[in-house]
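Fold and contact review
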Amino acid sequence: MGHQVAVTLPITALTSALTAYMNNCTTVYELGMAGNAMEKVIIEHLAEKYGYQKGSAGFITSGGSMGNLTALITARTSSGVGEDDFGRLAVIVSEEAHYSVERAAKIMGIKSENIIKIPVNKDFSMKTELLEVAFQKAEKEGKIVFCVVGCACTTSVGAFDDFNAIADFAEKHKIWFHIDGAHGGAAIFSDKYKYLLKGAERSDSLIVDFHKMMMDPPLSTALIYNCRNRHMNEFSPKANYLWQDQLSNEWYNSAKHTLECTKPVSVFHTYTIMRLYGDEIYKQNVDRLFDLGKHFAEMIKAQNNMETALEPKSNIVCFRYLPKAGSADIINKKIADELLRDGSFYVVSTAVKDSFYLRVTIMNPLTTADNLADLLTKIKETAYRIENFSNKKGV
Ligand SMILES: *Cc1c(COP(=O)(O)O)cnc(C)c1O
């Protein structure tokens with residue numbers, strides 16, 4: 001329950017063997033007939049789930065970081081801004097956005113000062129009322145805002161942005177609206193939790209990682225474009241040795257659209273899962289893990305010497321031990337170190353508003369409330385030992 005690594009479905013051991021044995025890639029049709037076709041099937045299914053317009057399309061790429069970069073490049077092309085003005089390009093993101101968004105912008109040569117970070121509310125969602133102010137200020141400074149990125153959800157604490165508010169803003173100024181749904185995008189499968197993605201149907205693109213909440217081994221990420229703004233053939237790569245028509249879209253030649261040339265047929269995992277179990281298994285996984293996250297928060301709040309950083313919206317829960325005296329940061333750091341050394345639980349940490357918090361992401365659907373109760377007991381025992389038996393060096 002440390003990081004957001006999927007507990008893979010057992011069937012993916014077989015699909016991994018198949019992938020290795022077949023040694024296909026999706027680059028062009030003749031190298032990956034099945035893979036390219038499966039991607040089309042899966043992407044169209046997902047596009048419909050997210051409420052994207054009919055005819056929407058996309059592909060599978062190697063990870064959320066790659067997906068975000070590809071989406072931002074697409075957004076830039078779609079903006080129509082010429083190369084002479086690339087130095088003026090600016091992107092608006094939440095200050096809580098995953099670092100891969102900022103890194104993608106930097107890879108594209110966007111200046112640091114043009115990566116405009118919007119502060120967050122108490123629940124760590126973007127303060128969307130500041131979007132307009134930020135936009136006006138950027139324009140005055142001669143910047144060209146071409147894209148705004150929403151989080152579904154933030155990695156650190158699991159916050160979901162208000163996508164309808166972001167869509168209103170993006171539509172008003174005709175800028176690209178991308179959603180980073182690497183982790184929480186899977187909530188779309190849950191009747192109970194898909195409300196968290198309200199307004200996502202108005203975005204221009206989104207990513208969702210199959211290797212996080214969708215039980216795939218790494219790496220496999222869907223990047224989907226809402227067809228009203230679709231620009232799939234971003235890179236227009238010239239490669240006479242791969243295809244004859246250099247400009248047409250040709251979904252079955254994946255290298256025309258992705259940053260990758262050789263690309264594994266990672267879709268075998270997702271396609272197999274969907275054919276065997278249907279959407280139902282994703283629904284159950286999301287419901288189970290998000291429910292457990294909420295339940296764990298209740299358990300923490302019932303302790304008199306612990307607190308959550310905020311009400312969890314998902315399976316990411318940030319919390320800390322509250323010492324009777326002394327610094328909460330110091331003792332929680334020691335607890336985190338001690339837990340890692342001990343090895344019976346795997347818990348990570350994060351900074352929430354500059355304070356140190358323990359962080360869990362409950363990823364295993366077989367984790368029980370009893371396991372979580374045992375974790376809390378372990379933390380209290382560890383804290384007791386540190387508070388009462390540490391020497392001056394805190395060892
Ligand atoms: C994990 C994560 C990423 C990065 O995805 P990779 O597949 O690890 O490259 C991007 N954004 C968010 C919100 C994430 O949680």
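Residues numbered from 1 in each chain as written. Predicted model: local features only at pLDDT ≥ 70, side-chain atom pairs only at ≥ 80, totals over all residues. Heavy atoms only, no water.

Considering the nonpolar core
One finds L46, Y50, V148, L197, I224, F296 and I335 to be the most contacted residues of the largest nonpolar core, which totals 85 residues. Per-element tally for this core: the top contributor is helix α8 (residues 280–301), with nine residues. Once you skip the residues sitting within four places of it in the chain, I335 turns out to touch Y321, L358, I379, T382, A383 and I386. (Core = buried A, V, L, I, M, F, W, Y, C linked by side-chain atoms within 4.5 Å. Buried < 20%, exposed > 50% of the residue type's maximum accessible area, 1.4 Å probe, protein only. Helix = DSSP H or I, 4+ residues; strand = E, 2+ residues; numbered from the N terminus. Contact = heavy atoms within 4.5 Å.)

What to know about a nonpolar patch on the surface
On the surface, Y29, M33, W251 and Y252 cluster together into a nonpolar patch covering about 410 Å² of accessible area. Looking at where M33 falls in the secondary structure, it is placed in helix α2 (residues 33–49). According to the relative accessible area criterion, M33 is partly exposed, its value standing at 46%. (Patch = residues over 30% accessible without salt bridge, like charges linked within 9 Å, V, L, I, M, F, W, Y side chains within 5 Å. Areas by Shrake-Rupley, 256 points an atom, 1.4 Å probe, with all protein chains shown as cover. Salt bridge = Lys/Arg side-chain N within 4 Å of Asp/Glu carboxyl O.)

Brief notes about the sheet that holds strand β11 (residues 355–361)
Here four strands make up an open sheet; going across it, the order is β8-β9-β11-β10 and the pairing antiparallel. Since the sheet does not close on itself, it has two edges, and those belong to β8 (306–308) and β10 (348–352), each with one partner. Neighbour to neighbour, the strand axes of the sheet diverge by 40° on average, direction disregarded. Alignment of β10 against β11, held across five bridges, turns out to be antiparallel. Note on β11: the bridge partner recorded for V348 is R359. (Pairing = 2+ DSSP bridges. Axes fitted to C-alpha atoms, helices over the stretch in contact; angles between N-to-C directions.)

From the geometry alone we can't say anything about function, so treat these as descriptive.
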